[in-house]
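Each chain is listed here by its residues.
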Amino acid sequence: FEGINFMSRNPVMTEEELTAMHQRAKAAGMYPYGAAPEQMHTVARRGVDEPQIDNNWQQMWHAIGVDRLLELLTESIEDGGR
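Residues numbered from 1 in each chain as written. Predicted model: local features only at pLDDT ≥ 70, side-chain atom pairs only at ≥ 80, totals over all residues. Heavy atoms only, no water.

Draft legend 1. The arrangement of the overall build of the protein chain in detail. A tally of regular secondary structure across the protein chain gives 3 helices and 0 strands. Along its sequence from the N terminus, the protein chain presents helices and strands in the succession α-α-α. For 82 residues, the compact-globule estimate of 2.2 N^0.38 gives 12 Å, and the protein chain exceeds it by more than 25% at 17 Å. Reported as C-alpha extents along the three principal axes, the dimensions of the protein chain are approximately 45 × 35 × 25 Å. Counting over 82 residues, the protein chain shows a buried share of 7%. For the protein chain, the accessible surface area stands at approximately 7600 Å², while carbon and sulfur atoms represent 55% of it. Counting 7 positive and 13 negative side-chain charges, the protein chain places the averaged centre of each group 6 Å from the other. (Helix = DSSP H or I, 4+ residues; strand = E, 2+ residues; numbered from the N terminus. Rg over C-alpha atoms; globule rule 2.2 N^0.38 Å. Buried < 20%, exposed > 50% of the residue type's maximum accessible area, 1.4 Å probe, protein only. Areas by Shrake-Rupley, 256 points an atom, 1.4 Å probe, with all protein chains shown as cover. Lys, Arg positive; Asp, Glu negative; His and termini not counted. Charge placed at Lys NZ, Arg CZ, Asp CG, Glu CD.)

Set out below in structure tokens:
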């Protein structure tokens, strides 16, 4: 993998928001590293109202405690690591 990962605080970005993001990346000198619009792709996201996924992978993660570990990590990040 080589490139730049952009994350948004919003699950959906408008074309104007994407354009502004790319303009900031260009101004920051990031285009040579994969930040130009033609070098990027968008990752699809599940809707928040869709039913939970319950498949073999989800069951395995739950059995070994990955879901709880992610919850603890999230709590730690949200409280500043205290």
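Draft legend 2. Main features of the pattern of salt bridges. For the coordinates displayed, the defined rule picks out 3 salt bridges. One network of salt bridges, with partners in common, ties together Arg68, Glu71 and Glu75. (Salt bridge = Lys/Arg side-chain N within 4 Å of Asp/Glu carboxyl O.)

Draft legend 3. Focus on helix 1 (residues 15-27). With 13 residues, helix 1 ought to run about 18 Å at 1.5 Å a step, and its terminal C-alpha atoms sit 18 Å apart, in line with that. Listed as buried for helix 1 are Met21, His22 and Ala25. With its buried residues spanning 95° around the axis, helix 1 presents them on a single face. Within helix 1, the exposed residues directed more than 90 degrees away from the buried face are Glu16, Gln23, Arg24, Lys26 and Ala27. Count one or two residues on from helix 1 and you reach glycine 29, which has phi positive near 80°. (Expected span 1.5 Å × (residues − 1). Arc of directions from axis to C-beta.)

This is a description of form; function is not addressed.
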